[in-house]
Amino acid sequence: MTLNPRGATAPPVTHTASRGRPPAPPSAPATARWSGAPATWAHRHPVARAVSLAVGLGALGGAVALGGRHDKVLWFCAVVPDTALLLGIAGAPTWHRMPSYAVRPYNVLHSPAVPAVLLTAAALTGRRRLAVAGLAWLGHIGWDRACGYGPRDAAGYVTR
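Residues numbered from 1 in each chain as written. Predicted model: local features only at pLDDT ≥ 70, side-chain atom pairs only at ≥ 80, totals over all residues. Heavy atoms only, no water.

## Considerations on the overall build of the protein
Along the backbone of the protein there are six helices and two strands. Taken from N to C terminus, the helices and strands of the protein fall in the order β-β-α-α-α-α-α-α. Put simply, 67% of the contacts in the protein that link residues at least 6 apart link residues at least 24 apart. (Helix = DSSP H or I, 4+ residues; strand = E, 2+ residues; numbered from the N terminus. Contact = heavy atoms within 4.5 Å.)

## Quick word on the nonpolar core
Ranked by size, the top nonpolar core spans 20 residues in total, and within it Ala 63, Leu 74, Cys 77, Met 98, Ala 136 and Trp 137 carry the most contacts. Every element with two or more residues in this core is listed here: helix 1 (46-67), helix 2 (72-79), helix 4 (100-109) and helix 6 (128-146). With seven residues, helix 6 is the largest single contributor of residues to this core. Those residues in contact with Ala 63 that sit more than four places away from it in its chain are Gly 68, Leu 74, Val 132, Leu 135 and Ala 136. (Core = buried A, V, L, I, M, F, W, Y, C linked by side-chain atoms within 4.5 Å. Buried < 20%, exposed > 50% of the residue type's maximum accessible area, 1.4 Å probe, protein only.)

## Remarks on the pattern of salt bridges
In this structure the tally under the stated criterion is one salt bridge. Asp 71 serves as the salt-bridge partner of Arg 129, at 2.6 Å between the closest nitrogen and oxygen. Residue Arg 129 is found in helix 6, and its partner Asp 71 is found in the loop between helix 1 and helix 2; the two are separated by 58 residues along the sequence. Given a relative accessible area of 7%, Asp 71 falls into the buried group. (Salt bridge = Lys/Arg side-chain N within 4 Å of Asp/Glu carboxyl O.)

## Digging into the packing of helix 1 against helix 6
Closest axis-to-axis distance for the helix 1/helix 6 pair is 7 Å, and the angle between their directions is 155 degrees. Here helix 1 is positioned roughly antiparallel relative to helix 6, judged by the angle of their axes. Taken as a pair, helix 1 and helix 6 cross one another with a handedness that is left-handed. Contacts between helix 1 and helix 6 involve Arg 49, Ser 52, Leu 53, Val 55, Gly 56, Leu 57, Ala 59, Leu 60, Gly 62, Ala 63, Leu 66 and Gly 67 on the former and, on the latter, Arg 128, Ala 131, Val 132, Leu 135, Ala 136, Leu 138, Gly 139, Gly 142, Trp 143, Arg 145 and Ala 146. Each residue belonging to the contact of helix 1 with helix 6 can be placed in one class, and the counts come to 14 nonpolar, six polar and three charged. (Axes fitted to C-alpha atoms, helices over the stretch in contact; angles between N-to-C directions. Parallel < 35°, antiparallel > 145°, perpendicular 65-115°, else oblique. Left-handed = near helix turned anticlockwise from the far one by under 90°. Nonpolar A, V, L, I, M, F, W, Y, C, P; charged D, E, K, R; others polar.)

## A word on the packing of aromatic side chains
Applying the stated criterion across every chain yields a total of zero aromatic pairs. When the ring centre of Tyr 106 is taken as reference, the NZ or CZ atom of Arg 152 above it lies at 5.1 Å. (Phe/Tyr/Trp six-rings, centres within 6.5 Å; stacked < 30°, edge-to-face > 60°. Lys NZ or Arg CZ within 6 Å of the ring centre and 35° of its normal.)

## As for the confidence of the model for the protein
When pLDDT is averaged along the protein, the result is 80, and 72% of the positions lie at 70 or above. For the protein, per-element mean pLDDT is lowest for strand 1 (residues 2-3), which scores 50, and highest for helix 5 (residues 113-125), which scores 97. Contacts from residues 26-35, a stretch scored under 50 in pLDDT, to residues over four places away or in other chains number 19 contacts. (pLDDT = per-residue confidence, 0-100.)

## As for helix 1
In this model, helix 1 (22 residues) spans 31 Å end to end at C-alpha, consistent with the 32 Å of a helix rising 1.5 Å per residue. Residues Ala 48, Ser 52, Gly 56, Ala 59 and Ala 63 constitute the buried set of helix 1. Taken around the axis of helix 1, the buried residues stretch over an arc of 70 degrees, which confines them to a single face. In helix 1, the exposed positions angled more than 90 degrees off the buried face are occupied by Pro 46, Val 47, Ala 54 and Ala 65. Those residues of helix 1 hidden inside the fold are in contact with helix 2 and helix 6. Where helix 1 ends, the next residue or the one after it, Gly 68, has phi of about 95 degrees, a positive value. (Expected span 1.5 Å × (residues − 1). Arc of directions from axis to C-beta.)

## Description of helix 4
Ala 102, Val 103, Tyr 106, Asn 107 and Leu 109 are the residues of helix 4 that are buried. An end-on view of helix 4 places all buried positions within 160 degrees of arc, on one side of the element. Along its buried surface, helix 4 packs onto helix 3 (83-88) and helix 6.

Laid out in structure tokens, this is it:
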């Protein structure tokens, strides 16, 4: 109990995270708060968002330059990372929270490792389609990060 300015006692204040979810333990490392790839791409700071936007638009521009505006691989790979959202949309308790069974697929599909594998395979094999796929996928991830959507924690919320 604490005294307020008028001398009356007030109950202790308990801090909870936004949207009613419990706060993460202070000693938990960044990778322990969500399932999936390690947190390596910032998406909360305004400068990080601007860089993510530049990466996303640059990658999409490169994919269009390589494959053309009407390339089916480009548009398929630009949309495929959000199939995890379709997996969990019916069971989502709120708009901001994803069901726990959809968190890992979402985090894996939104990991920069996927386009890195595609772009590496494109460099090793010389296949233009793989390069278009990797750039489109990277463009999607960059655009999501620029809009503030990053990896999800185990409870299904966007990590802060």
